[in-house]
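# Observations on the model geometry
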Amino acid sequence: MTTPLLQSEIPGFPCRRGKVRDVYDLGDRLVIVATDRISAFDWVLPTGIPDKGRILTQLSLFWFDFLKVPHHLLGTDVGAMAPPFAAQAKTLQGRSMLVKKAAVVPFECVVRGYLAGSGWKEYRKQSTVCGIPLPAGLQECQQLPKAIFTPSTKAETGHDENISFEQMSAATEPKLANELRDRSLDVYQRASLYAESRGIILADTKFEWGQLPDGSLILIDEVLTPDSSRFWPKDSYQPGKNPPSFDKQFVRDWLETTTWDKNSSPPALPGDVVEKTRAKYVEAFEKLTGKKFI
Ligand SMILES: Nc1ncnc2c1ncn2[C@@H]1O[C@H](COP(=O)(O)OP(=O)(O)O)[C@@H](O)[C@H]1O
Ligand SMILES: [Mg+2]
C-alpha cells in the first residue's frame, strides 16, 4: 500500500482546499487534485485512506465517459499540465483532472431511488421525503415507486439544508431548476440501471452542476463515487434491513465506538479500519467498472 497523500503543494497557483480535493485556479480552468483525505460527520480525519483520491478520480472518469453528458473534464495527463504540476507528476497522476472552471450552481442536486438515511427518518415521521408525499407502508431501504429529486443548499460551512423544488425554483430561475431536476434524474436513472447490472444498487447520489459563460449546464465535481453516493451490494439487499455500503461506514461505525464528541478534532483511525475502508473503495471501483484497480 502507498503512503496516503493528505495534502498537495503546488506553487504558483491559488489553491482552495475542500474536504477531499485541492482545487488550483488556472484562470478559466482548474486542476482538481483528489487527495486521500476522508471526512466523516463533517470533519476531515487526521488519517488518510491510501489510494482513495485515485479511486474517486478513476471512477468519476469512468462515469463521465459512460454518461455522455456535457461535463467539465478536459484532461488527465499531468505531464501536459502547467510545469509546476508536471514536476510532481508521480504524486499527481491518476488523482488529478484538468477541468473547465464553471460558475457552480449553488444547489446540491440529490436524487434518491431508495428510502435511506435522513429520507427514511423523515418518512417515518410524516410519510414524506424532503416534503414529497410518498405512499404509506414503505420499509426502510425500500425502492421508491419513482426516483425523486431532493435538492439542498450548498452551505459554505456546516450542514447543507434540504429545500423543496419550489424553494429552489424561487431562489433561481424556474427554467434552470427544471433543467437541473430533469438532467439529474436522467443521469441517476441511466447510472442506476447500469450499476444494477454490475451488482450494485445506487440508493441515492448527489450531483453538482456548473454553468459556462454561455449559460449552458455541465456536470462538474466528482460523479457517482462512494463519497457522493450510497452504494449497496445487490446480492445482500433486503427491504427492511439497512445493507452494508461501499463507503466510509467502517469509519463511521468505528468513530461511534470512541469517546469522540463530534465537536472537536477527530481521532486517528486504526490500521484495520483504514485497510477495510480502502478495500471497500477498491471493491466499488472494480465492481462498477469491471476493471482491476492498479
Ligand atoms: N468545474 C468546476 N468549476 C468550479 N468549481 C468546481 C468544479 N468542479 C468542482 N468544483 C468545486 O471544487 C470543490 C471540490 O472540492 P471538495 O473537496 O469536493 O469540496 P467540498 O468539501 O466542498 O465537498 C467543490 O467546492 C466543487 O464545488
Ligand atoms: Mg465535495
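Cut-offs and rules
Residues numbered from 1 in each chain as written. Chains lettered and ligands numbered in written order. Predicted model: local features only at pLDDT ≥ 70, side-chain atom pairs only at ≥ 80, totals over all residues. Heavy atoms only, no water. Domains from an automatic or database assignment. Contact = heavy atoms within 4.5 Å. Buried area = accessible area lost by both parts, 1.4 Å probe. Salt bridge = Lys/Arg side-chain N within 4 Å of Asp/Glu carboxyl O. Polar contact = N/O pair within 3.5 Å; in protein donor to acceptor, adjacent residues only side chain to side chain. Helix = DSSP H or I, 4+ residues; strand = E, 2+ residues; numbered from the N terminus. Near = heavy atom within 4 Å. Areas by Shrake-Rupley, 256 points an atom, 1.4 Å probe, with all protein chains shown as cover. Core = buried A, V, L, I, M, F, W, Y, C linked by side-chain atoms within 4.5 Å. Buried < 20%, exposed > 50% of the residue type's maximum accessible area, 1.4 Å probe, protein only. Pairing = 2+ DSSP bridges. Axes fitted to C-alpha atoms, helices over the stretch in contact; angles between N-to-C directions.

Looking now at the domain arrangement of the protein. Under the domain assignment, the protein is made up of domain 1 (7-101) and domain 2 (104-236). Taken over C-alpha atoms, the centre of domain 1 sits 24 Å from the centre of domain 2. The partner domain 2 presents 20 residues to the 19 residues of domain 1 that form the contact. Summing both partners gives a buried area of about 1800 Å² for domain 1 against domain 2, and 65% of it is carried by carbon and sulfur. Linking domain 1 to domain 2 there are 2 salt bridges. As a salt-bridge pair, Lys 52 and Asp 227 come within 2.8 Å of each other at their nearest N and O atoms. At the boundary of domain 1 and domain 2, one finds 8 residue pairs in polar contact (both at pLDDT 80 or more). No other element matches the 9 residues that helix 1 (residues 52-67) contributes to the side of domain 1 that touches domain 2.

Taken together, 18 residues sit near ligand 1, with Lys 19, Arg 21, His 72, Lys 100 and Glu 208 positioned nearest. In the environment of ligand 1, an oxygen atom lies 2.8 Å from a nitrogen or oxygen atom belonging to the backbone of Lys 19. Surface burial for ligand 1 is 86%, taken as the share of its 560 Å² of free accessible area covered by protein chains. Summarising the domain contributions, the shell around ligand 1 has at least three residues from each of domain 1 (7-101) and domain 2 (104-236).

The biggest cluster of nonpolar side chains holds 66 residues, and the ones touching the most others in it are Trp 63, Leu 67, Phe 207, Trp 209 and Leu 224. Here this core gets 9 residues from one element, more than from any other, and that element is helix 6 (residues 174-197). Domain assignment of the residues forming this core places at least three in each of domain 1 (7-101) and domain 2 (104-236). For Leu 67, the residues in contact, after removing those within four places along its chain, are Val 187, Arg 190, Ala 191, Leu 219, Val 223 and Leu 224.

Glancing now at the sheet that holds strand 2 (residues 21-25). Sheet architecture is open: 5 strands sit in the order 1-2-3-7-6, paired in antiparallel fashion. At either end of the open sheet lies a strand with only one pairing partner, and these are strand 1 (15-17) and strand 6 (73-75). When strand polarity is set aside, the average angle formed by the axes of neighbouring strands in this sheet is 30°. Bridge count for strand 6 against strand 7 (residues 96-100) is 2 bridges, and the pairing is antiparallel. Across the sheet, Leu 73 pairs through a bridge with Val 99, a residue of strand 7. Strands strand 2, strand 3 (29-34), strand 6 and strand 7 of the sheet are contacted by helix 1, whose axis makes an angle of about 45° with strand 7.

Inspection of every chain in the model, using the stated rule, returns 22 salt bridges. As a salt-bridge pair, Arg 37 and Asp 22 come within 2.8 Å of each other at their nearest N and O atoms. Of this pair, Arg 37 sits in the loop between strand 3 and strand 4 (39-40) while Asp 22 is found in strand 2, placing the two residues 15 residues apart along the sequence. The same class applies to Arg 37 and to Asp 22, which are both buried. Between Lys 234 and Glu 196 there is a salt bridge, and its shortest N-O distance comes to 3.6 Å. Highlighted residues: Lys 234 in the loop between strand 16 (229-233) and helix 7 (249-257) and Glu 196 in helix 6, separated in sequence by 38 residues. Given a relative accessible area of 38%, Lys 234 falls into the partly exposed group. Look at the salt bridges and you will find they share partners, linking Glu 9, Arg 17, Asp 22 and Arg 37 into a network.

It is worth spelling out unusual backbone geometry at this point. Of note in the backbone geometry, Phe 41 takes a positive phi value of approximately 50° without being a glycine. Structurally, Phe 41 is set in the loop between strand 4 and strand 5 (43-44). Overall, Phe 41 belongs to the partly exposed group, its relative accessible area being 28%.

With that settled, the discussion passes to the environment of Arg 37. On the basis of relative accessibility, which here comes to 7%, the residue Arg 37 falls in the buried class. Between the alpha carbons of Arg 37 and Met 168 there is a distance of 31 Å; along the sequence they are 131 residues apart. With residues near it in sequence (within four places) discarded, Arg 37 still touches Leu 5, Leu 6, Gln 7, Arg 17, Gly 18, Lys 19, Val 20, Arg 21, Asp 22, Val 44 and Lys 52. Looking at Arg 37, its side chain comes within polar contact range of the main-chain oxygen of Gly 18, at 3.1 Å.

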